[in-house]
Amino acid sequence: MSVVDVTVAGTPLIELDGVSRSFKVPGGVITAVDSVSLAISAGEALCIVGESGCGKTTTGRMLAGILRPTGGRLIYEGKDVWAKKGTDLSAFRRAVQLVHQDPYASLNPTRTIFQTLSAPIYRHKKAKGSRDAMNRVRHLLQVVGLTPPDDFLGKYPHQLSGGQRQRVAIARALTVDPRLIVADEAVSMVDVSIRISLLNLLLGLRNEMGVSIVLITHDLAVARYFASEGRIGVMYLGRMVELARSEALVSDPAHPYSAALISAIPEADPNITRSKERVRLKTAEVPSLLALPPGCTFHPRCPLAEEGLCDVLVPALLPLPGPRGPREVACHVAIRERQPAAELLA
Amino acid sequence: MTAAALPRAGDRTLPRPVESAIEFLRLLSKRPSGLIGFIGIVFFLSLAFIAPLFVPNQESGDITQLYETPSLQHLLGTDNAGRDVLNQIVQGGKEIISVALITAFLTTLVATVLGSISALVGGRFDAALVAIADILLTVPPLIVLIVISALARPTNFLALALVLSLLGWAGLMRQVRAQVLTLKERDYVEAARSLDLGLIHIVFREILPNMRSYIVIHFVLAMTGAIYAQVALIILGLVPFSGKNWALMLYFAQTQGAFYFNDAFWFVFSPILAIILLQLSLVLFVNALEDIFNPRLRSS
Amino acid sequence: MTPILSVRDLSIDYRTRRGPVHAVRDVSFDIAKGETVAIIGESGSGKTTLAVSFIRLSPRSAKITKGQILYTNDKETVDIRTLPDDELRQYRWSECAMVFQAALNSFNPVINIWEQFADTARAHGLKDSKKIHARAQELLDLVHLDPARVLTAYPHELSGGMKQRVLIALSLMLEPQLIILDEPTTALDILTQRSIIDLLGTLRKKLGFSMIFISHDLSIAAELADRMITMYAGTVVERASVTDLFYRPRHPYSVGLLRAVPRVSGAMGAVASIPGSPPDLIRLPPGCTYVPRCPVAIPACSEREPDLLPVDMPDHDARCIRWKTVAEQVGNAEVAVAEKIATA
């Protein structure tokens, strides 16, 4: 269970230790997340990227304590969260909050912004009396950039724009003083021109309040911006295939899947995007989660796949030494050649 | 939904209930049939509850004026004992509507509570409740009503309401349960759970308020059902009632053989008309409510 | 050469209870045969209202208050606005087809793909089942789908990318001259987006149709467009070739938008969101609608809305009286705007 702690030395805040999650579906059992290990430090900004079906949302929900792992352990402050029942679990769930993707569904339409934000404050006795609660709500609205706060207290969600609702959702997460916020595609349904401001808000929470943020997204450009001083984890069909610093991943991806993704992204720059070299995959078909290929699940599509190795043995997430700082990759060929896939494919 | 349609910051807003009421009446005025229904309901409620305060009850009639046709003195004619029919209509609405209101209230309450708990608790409790509801739904209601009334013999209107409620909750309970099952998966309910806000809060503050329109519509429909059930029971003579009641008027008409007298037309017809018009008002109103509460059906 | 579609001063209002929403205002542009135009805008820009008006699929509450939509094929020019119903039917699908966003329930869920093809074909006059079947197979091959597998499938059995390809195949059934695509790559995975973009590029080369994209995603414009139009608050704020707009924009909103989108390649540059939010389309301010968010606005900007003015590059217009200031800030170098401003 290797753990790469790149930002702060010491015990990680929260750790996924070989975590798996399976679901029973009509066709059989699907393993949405397979043995994922990830350590997150206090005050870290991390991104998990991948395409649909890769398990990133399920991983995020397990991090937030909403889903229980069917394998492995979730360790918070050194203790296995699911080992005991009762107050430990609810304290943990409050410590990790989830911000949802859809701003139109994340707030109760029948409650005002003040009601939505004050409920957890009252419940967890974060204020002494109604005046104090009001001030705390006002303060939170200011933290998330909804100023002047009094303009928003009495409003209902349908009176706010998508971006404003996401800010309220973030404020709601902050009411219980979380240590970690999992933002599940939190900017994907918001106007393009304001995504950066929301990402900056989340980064600001990290800088000023020391809250760790895990951003789950399918947009690598957003991931690069958000995790510019942190790490990005790439998932494919339930497994973590690469974990590296943002700039290292983007310029020199170690896993052939990451290399394919990065080369495939359409870019907002005509000269670059029309002349970019694309990594060609052997097939565009994504295997069904009900019938995963043996060995490395990426081998049917991988240009570097070696018969007898990649279709037999599941690659472990192992450290890959190199000039770009600590990184991990789950690829037999890259580990053996001690080179990132990007260079092997060039 | 863009920022373009937002009210400017600083728009004066009235207290939400008043604002809702005005908005509701405005939307209602755009649907003529709903407005007619609403006016009808207001009319009948006034007739049944307010008018009797001003019109004294007539116990005995003038036996020289049996089955009179309508005249200036007796606007709806007289009955088999010379009593003014209009007077009876005025007096007779209170009981039938009260029973309907109480039944609807009890039915809606039981169905909502059971449906919500069943959906949230799940497991064997849920399975058991659903099975009971299914059994109640498959049995023909009128037969059961008749049997229960024969056994329980409700002597006052409250007891009758209780009897009717015993059967009425099953359908609404299943629907409430389905709604709650959907709502509990909503992001904001998940957030409430994550924030550890507690089951009571989640049921009463997060889930039920999002079903308000649903509950109101079913309340009104339950009233129409209760009225039909009452009329059926009373006309069949299964309920040993005395007092003033439109359905009782029909019962007496039937037992007194009024159906065979042409002159008795108004005595028979008036309560039928009253019942039908009341039901129609309720139904027209409910149709408009469905439109109003469904934002997608609302045209700009 | 006459453009195949010429939009002149088009304005569309929506009736709402608070008053008419001016969703599209004085939009004019041309698209030539074989050309690809990208209409880029965010929510509330009016781009979708504009696009559906080209095939007259607007909702009943929408009303074209002025302007023309002139369509020209080899034989004649017609105004789509006033086309009689039977000619409109002919126009739709055989002259101009629309590809909707696959993610948004564009399929009838209870019929399989073959029946979708058959329904569409029969609705446009093709009756022979054998011929329709042959054509369906041909089209699915064109979009790199396996006809044997796809024709018998139901929509929910297909992935997002496959559904988008089916919609593209359907649109090509009657060999239209013009195809309108609404957010063709939104909500698709990266590798799927790549395949759809490549597919559209190949089909365009092979079949020579003109394309209009509607999107909020600048990258699809960068990939495929010859010319670009940015829309804001219902009107066209800039019209230019794709390289001009990405490297030499002249309207502050275009600049703002380009800076607000992070990229994967190249230097990060000065990435920043545009402050504020779009205006209320019912009560529009008297002057330029971008003033509250504009970094170079002056008092004269609030007096009256500017016309589309030609700028210092050929075939390039911007609705801004301060375009020269923007030109100074942005320059002419063939480098991304975010990078240029960072080093400025």
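As a starting point, this report considers the structure included with it.

Conventions used here
- Residues numbered from 1 in each chain as written.
- Chains lettered and ligands numbered in written order.
- Predicted model: local features only at pLDDT ≥ 70, side-chain atom pairs only at ≥ 80, totals over all residues.
- Heavy atoms only, no water.
- Helix = DSSP H or I, 4+ residues; strand = E, 2+ residues; numbered from the N terminus.
- Contact = heavy atoms within 4.5 Å.
- Areas by Shrake-Rupley, 256 points an atom, 1.4 Å probe, with all protein chains shown as cover.
- Buried area = accessible area lost by both parts, 1.4 Å probe.
- Salt bridge = Lys/Arg side-chain N within 4 Å of Asp/Glu carboxyl O.
- Polar contact = N/O pair within 3.5 Å; in protein donor to acceptor, adjacent residues only side chain to side chain.
- 1 Å grid on protein atoms, 1.4 Å probe; cavity = no way out; pocket = protein on both sides within 12 Å on 5 of 7 lines; lining within 4 Å.
- Points joined across faces, edges and corners; volume = space filled by probe spheres on them.
- Nonpolar A, V, L, I, M, F, W, Y, C, P; charged D, E, K, R; others polar.
- Pairing = 2+ DSSP bridges.
- Axes fitted to C-alpha atoms, helices over the stretch in contact; angles between N-to-C directions.
- Expected span 1.5 Å × (residues − 1).
- Buried < 20%, exposed > 50% of the residue type's maximum accessible area, 1.4 Å probe, protein only.
- Patch = residues over 30% accessible without salt bridge, like charges linked within 9 Å, V, L, I, M, F, W, Y side chains within 5 Å.
- Phe/Tyr/Trp six-rings, centres within 6.5 Å; stacked < 30°, edge-to-face > 60°.

**With respect to the overall build of chain B**
Item 1. Looking only at helices and strands, one finds eleven helices and zero strands in chain B.
Item 2. When its helices and strands are written in sequence order, chain B yields α-α-α-α-α-α-α-α-α-α-α.
Item 3. For chain B, restricting intrachain contacts to residue pairs at least 6 apart in sequence, the fraction spanning at least 24 positions comes to 70%.
Item 4. Approximately 15,500 Å² of chain B is accessible, and the part contributed by carbon and sulfur atoms is 67%.

**Things to note about the interface of chain A and chain C**
Item 1. Across the contact, 38 residues belong to chain A and 40 residues belong to chain C.
Item 2. Roughly 3,400 Å² is buried in total at the junction of chain A and chain C, and carbon and sulfur atoms are behind 56% of that figure.
Item 3. Put simply, chain A and chain C have three salt bridges between them.
Item 4. A salt bridge links R278(A) to E223(C); the shortest N-O distance between them is 3.4 Å.
Item 5. It is helix α7 (residues 192-209) of chain A that contributes the most residues to the side of chain A that touches chain C, six residues altogether.

**Thoughts on the environment of S11(C)**
Residue and element names in this part refer to chain C.
Item 1. With respect to the helices, strands and loops of the structure, S11 is situated in strand β1 (residues 5-16).
Item 2. Linking S11 and D26, residues 15 residues apart in sequence, is a C-alpha distance of 5.2 Å.
Item 3. One polar contact links the side chain of S11 to the main-chain amide nitrogen of D26, over a distance of 3.1 Å.

**Some remarks on the layout of surface pockets**
All names here are of chain B.
Item 1. For the second largest pocket, the calculated volume is near 520 Å³.
Item 2. Contributing to the lining of the second largest pocket are 21 residues, with P141, L164, L167, G168 and G225 lying nearest its centre.
Item 3. Going through the elements one at a time, α3 (85-121), α4 (123-138), α5 (141-152), α6 (157-183) and α9 (212-235) are the ones with two or more residues in the lining of the second largest pocket.
Item 4. The element best represented in the lining of the second largest pocket is α6, accounting for seven residues.
Item 5. Among the residues making up the lining of the second largest pocket, the classes are represented as 14 nonpolar, seven polar and no charged.

**What about the sheet that holds strand β1 (residues 14-25) of chain A?**
The strands that make up a sheet pair up through hydrogen bonds in the backbone, lying either parallel or antiparallel.
All names here are of chain A.
Item 1. Judged by pairing direction, the sheet is antiparallel, and its four strands sit side by side in the order β2-β1-β4-β5 without closing on themselves. The two strands at the open ends of the sheet, each matched to only one other strand, are β2 (28-40) and β5 (79-80).
Item 2. As judged from the five bridges shared by β1 and strand β4 (residues 71-76), these two strands associate in the antiparallel manner. Each bridged residue has a counterpart across the sheet, and for S20 the counterpart in β4 is G71.
Item 3. The strands touched by helix α1 (residues 56-63) are β1, β2 and β4; relative to β1, the strand with the most contacts, the crossing angle is about 120°.

**Considering helix α6 (residues 160-171) of chain C**
Residues and elements named next belong to chain C.
Item 1. With twelve residues, α6 ought to run about 16 Å at 1.5 Å a step, and its terminal C-alpha atoms sit 17 Å apart, in line with that.
Item 2. Of all twelve residues making up α6, eleven are buried, and the element is well covered by its neighbours.
Item 3. Restricting attention to buried positions, one finds in α6 the residues G161, M162, K163, Q164, R165, V166, L167, I168, A169, L170 and S171.

**Thoughts on the side chain of S281(B)**
Residue and element names in this part refer to chain B.
Item 1. Note on placement: S281 falls in helix α11 (residues 265-293).
Item 2. S281 sits in the buried class, given a relative accessible area of 7%.
Item 3. Apart from residues lying up to four places away in sequence, S281 is in contact with G37, G40, I41 and F44.

**Describing a nonpolar patch on the surface**
Residue and element names in this part refer to chain B.
Item 1. A contiguous nonpolar patch, built from F105, L109, V113, I117, V121 and F125 and spanning about 540 Å² of accessible area, is present on the exposed surface.
Item 2. No other element matches the five residues that α3 contributes to the nonpolar patch.
Item 3. One can find F105 in helix α3.

**Thoughts on the pairing of strand β6 (residues 96-99) of chain A**
Residues and elements named next belong to chain A.
Item 1. Side chains of β6 alternate between two faces, with V96 and L98 and Q97 and V99 buried alike.
Item 2. Relative to strand β7 (residues 180-184), β6 runs parallel, the two being bridged by four bridges. Directly across from Q97, in β7, lies its bridge partner I181.

**A few points about the packing of aromatic side chains**
Item 1. Applying the stated criterion across every chain, the model contains 13 aromatic pairs over all chains.
Item 2. Ring-pair connections join several aromatic residues into one group, and the members of that group are Y236(A), Y257(A) and F298(A).

**Considering unusual backbone geometry**
Item 1. Residue T147(A) is joined to P148(A) through a cis peptide bond whose omega torsion reads -10°.
Item 2. With respect to the secondary-structure elements, P148(A) resides in the loop between α4 (129-143) and α5 (150-153).
Item 3. A positive phi angle is found at E77(A), which is not glycine, with a value near 50°.
Item 4. By secondary structure assignment, the location of E77(A) is in the loop between β4 and β5.
Item 5. The exposure class of E77(A) is partly exposed, given its relative accessible area of 48%.
Item 6. With a phi close to 50°, D9(C) is a non-glycine residue in the positive phi region.
Item 7. Looking at the secondary structure, you find D9(C) in strand β1.

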